[in-house]
Amino acid sequence: MSQTDIPSLALGHVTRLHAYTPGLQPSGSGWVKLNTNECPYPPSPRVAEAIVRELGADGASLRLYPNPESASLRSVVARLHGLGEKQVCIGNGSDDILNLLVRCFCSAASPLGQTTPSYSLYPVLVEIQDGGLQTIAFDRSMTLPVERIKNSDAKAFFLTSPNAPTGVGFSNAQLEEILSAYRGVLVVDEAYAPFAGENAVSLLANYPRLVVVRTLSKAHALAGMRLGYALGHPELIDLLDRVRDSYNVNRLSQAAGCAALSDTAYYDGVIARIKATRDAFLARLEERRWFTYRSQTNFVFTEPCDAAGRSGPAVARSLYDFLCENKVLVRYFPSHALTASFLRISVGTDDEMLVLNRTIDAWLKAATHV
Ligand SMILES: *Cc1c(COP(=O)(O)O)cnc(C)c1O
């Protein structure tokens, strides 16, 4: 019992809420940070210039509210994808967009659909809404359960593609098979699409109940600015605009987003470099004979084996702890049977991956780890 009775005044579902567990953001220097899929390279130099310009002398512009529709950024995003401005909604991070979608489509009587494992924020957003959740489980192959999603009666279904934390991408052919039968709104969370071979944007023209969600936190190195967006039919975008905060994206972020998305040449280079580092790391894991899903993202989901060739939750935990003691931070998801034997490792710079590989070698040499 609390002294104030404040919790008892709150709504029941709020008192039972479990907040989202974000990856650690360690303080102090010296960490090799491979746990939250941030970009290891800085954003386009145009971003800092744009922020300084937007700030004005003495930060005078900050007195004024930002553009409520993020109008300039909407038009940059629309042009980038060959869509109309009415097909774009800008969010304070794509998490904001996902939250708006839950607000529009999910309640106790209208459960949200999702696959598991996938992005662990979805159930948290649903809990905040006091909504229901229908879950379709992957098996170890991580192939898309197309038939089950087609037949889902959820008003909206969240699908992460490429998926997290596995890195497995789904083809447009599979998505079209779902879209041609599923009657609700299919939300494809494409946080990692810049690293993938295919993306669903071209399907928007034919499928009005498709929404594509993107973020600037991963490939665009702007996790700290909080920028994401939804692409979809104007009627769907209109719903999102009704339920969002009127000033949901701040001035500096709007300017940063315009500058970033206007510098495609810079980001093409960054993405190519990350993919090359990823593929070199995947080859290294293959040499080690660690089972690893084929990644279409900027992270790798791998099942570590110890020196005796054993794998499993205790082995994954042992490597996670060893890396952590050596200031290499990766992500471990112990609570799901399909993830508990794996580690999710973000792709860093080549130097960071060298440190990681050396630390893994040291763990393999240390005989006492399980
Ligand atoms: C990182 C991530 C996001 C969050 O993006 P923000 O724009 O930083 O809120 C959304 N979906 C998935 C699957 C992610 O991995």
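Coordinates for the structure precede this section.
Residues numbered from 1 in each chain as written. Predicted model: local features only at pLDDT ≥ 70, side-chain atom pairs only at ≥ 80, totals over all residues. Heavy atoms only, no water.

## Some thoughts on the overall build of the protein chain
Applied cut-off: Helix and strand definitions here come from DSSP, where helices need a minimum of 4 consecutive H or I residues and strands a minimum of 2 consecutive E residues; each element is numbered from the N-terminal end. Whether a residue is buried, partly exposed or exposed follows from its accessible area with a 1.4 Å probe, protein chains only, as a fraction of its type maximum: under 20%, in between, or over 50%, in that order. Throughout, a residue-residue contact means that at least one pair of heavy atoms, one from each residue, lies within 4.5 Å.
When helices and strands are counted, the protein chain shows 13 helices and 12 strands. In terms of overall dimensions, the protein chain has a C-alpha envelope of 60 × 55 × 50 Å along the principal axes. Considering the protein chain as a whole, with its 370 residues, one finds that 52% of them fall into the buried category. When contacts within the protein chain are restricted to residue pairs at least 6 apart in sequence, those whose partners lie at least 24 apart make up 72%.

## Comments concerning the sheet that holds strand β2 (residues 88–91)
Selection criterion: Strand pairing follows a simple DSSP-based rule, namely that at least 2 bridges must link the two strands. Axis geometry follows a simple rule: fit a line to the C-alpha atoms, using only the stretch in contact for helices, then measure angles between N-to-C directions, giving values from 0 to 180 degrees.
Spatial strand order, β2-β8-β7-β6-β5-β3-β4: seven strands in an open sheet with mixed pairing. In the strand order of this sheet, the two ends are held by β2 and β4 (133–137), each with one partner. In this sheet, adjacent strand axes meet at a mean angle of 20° when their direction is disregarded. Across five bridges, strand β5 (residues 156–160) lies against strand β6 (residues 185–189) in parallel orientation. Residue T160 lies in a different strand from β6, and its bridge partner there is D189. Its contacts with the sheet place helix α9 (residues 234–243) against β2, β6, β7 (210–215) and β8 (228–231), and it is angled at close to 30° to β2.

## So, the site of the ligand
Applicable threshold: The cutoff for a nearby residue is simple: one of its non-hydrogen atoms must lie within 4 Å of the molecule or strand. The Shrake-Rupley method, run with a 1.4 Å probe sphere, supplies the accessible areas, and residue values consider only the shown protein chains as cover. For cavity detection a 1 Å grid was placed over the protein atoms alone, and a set of points counts as a cavity when a 1.4 Å probe fits there but cannot get out; an open set counts as a pocket when protein lies on both sides within 12 Å along at least five of seven lines, with lining residues being those that have an atom within 4 Å of a point. Molecules are considered to sit inside a cavity or pocket once more than half of their atoms lie within 2 Å of its grid points. Gly is put with the polar residues, along with every residue not named as nonpolar or charged; the nonpolar set is Ala, Val, Leu, Ile, Met, Phe, Trp, Tyr, Cys and Pro, and the charged set is Asp, Glu, Lys and Arg.
Taken together, 13 residues are adjacent to the ligand, and S94, Y192, T215, S217 and K218 come closest. Protein coverage of the free-state accessible area of the ligand, which is 390 Å², stands at 93%. One can see that the ligand is located within the largest pocket. Residue composition of the shell around the ligand, grouped by class: four nonpolar, five polar and four charged.

## Focus on the packing of aromatic side chains
Stated precisely, the cut-off is as follows: Aromatic rings from Phe, Tyr and Trp, with only the six-membered ring used for Trp, were paired whenever their centres fell within 6.5 Å, and each pair was classed as stacked if the ring planes differed by under 30 degrees, edge-to-face if by over 60, and tilted otherwise. Remark: a charge is flagged as sitting over a ring if the NZ atom of Lys or the CZ atom of Arg is within 6 Å of the ring centre and within 35 degrees of the ring normal.
In this structure the tally under the stated criterion is 15 aromatic pairs. With a centroid separation of 6.3 Å and an interplanar angle of 20°, the aromatic rings of Y293 and F301 are classed as stacked. Residues Y293 and F301 agree in their burial class; the two are buried. Seen from their ring centres, F301 and F342 are 4.7 Å apart, and the 10° between their planes marks the pair as stacked. With F301 in strand β10 (residues 299–303) and F342 in the loop between β11 (328–329) and β12 (343–346), the pair connects residues that are 41 residues apart, well separated along the chain. One aromatic cluster is present, built from ring pairs that chain together Y20, Y119, Y122 and F158. Of note, R288 hangs over the ring of W290, and the distance from its end group to the ring centre comes to 5.6 Å. Here the guanidinium or amino end of R344 rests over the ring plane of F299, the centre of that ring lying 5.6 Å away.

## A few points about the sheet that holds β10
What holds strands together in a sheet is hydrogen bonding between their backbones, with the strands either parallel or antiparallel. Taken together, three strands build an open sheet; the order of strands is β9-β10-β12 and the sheet is antiparallel. The open sheet has two free edges, formed respectively by β9 (291–292) and β12, since each of these has just one partner strand. The sheet contact formed by β10 and β12 spans four bridges and is antiparallel. Pairing of V300 across the sheet is with I345, part of β12. Each of β9, β10 and β12 touches helix α11 (residues 264–287); the most contacted strand, β10, lies at about 5° to it.

## Describing the nonpolar core
Put simply, the rule is: By convention a nonpolar core is built from buried Ala, Val, Leu, Ile, Met, Phe, Trp, Tyr and Cys residues, the set being connected through side-chain atoms within 4.5 Å.
By size, the foremost hydrophobic cluster in this structure holds 65 residues, and its most contacted members are L186, L210 and L231. Ranked by residues supplied to this core, first place goes to helix α10 (residues 251–261) with five residues. When residues no more than four places from it in sequence are discounted, the contact partners of L231 are V77, H81, L83, Q87, V88, V201, L204, L210, V211, V212 and I237. Ranked by size, the runner-up nonpolar core spans 25 residues in total, among them V300, L329, Y332 and L356.

## Focus on the layout of surface pockets
Threshold: Grid points are joined across faces, edges and corners, and a volume is the space filled by probe spheres set on the points.
Of the volumes computed, that of the largest pocket is approximately 1,200 Å³. Lining the largest pocket are 47 residues, with Y20, T21, Y119, S120 and R331 sitting closest to its centre. Looking at the lining of the largest pocket, the elements with two or more residues in it are α5 (94–105), β3 (112–116), α6 (121–128) and α12 (313–325). Its residues placed into classes, the lining of the largest pocket shows 20 nonpolar, 18 polar and nine charged. Taken as a whole, the second largest pocket spans an internal volume of roughly 370 Å³.

## Remarks on unusual backbone geometry
A cis amide bond links T116 to the next residue, P117, at an omega of -5°. The residue P117 is located in the loop between β3 and α6 in this model. Here A221, not a glycine, exhibits a phi torsion of approximately 60°, which is positive. Positionally, A221 belongs in the loop between β7 and β8. In this structure A221 comes out as buried when scored by relative accessible area, which is 17%. Positive phi, close to 60°, is recorded for R289, a residue that is not glycine. Locating R289 in the fold gives a position in the loop between α11 and β9.

## Concerning the packing of α11 against helix α13 (residues 350–365)
What counts is decided by this rule: Any angle between 65 and 115 degrees counts as roughly perpendicular, while under 35 counts as roughly parallel, over 145 as roughly antiparallel, and the rest as oblique. Rotating anticlockwise by less than a right angle from the far helix to the near helix defines a left-handed crossing, while the corresponding clockwise rotation defines a right-handed one.
Where α11 contacts α13, the axes come no closer than 11 Å and their chain directions differ by 15°. In terms of orientation, α11 and α13 fall into the roughly parallel class. The hand of the α11/α13 crossing is right-handed. Two secondary-structure elements touch here, α11 through T277, F281 and R284 and α13 through D350, M353, L356, N357 and D361.

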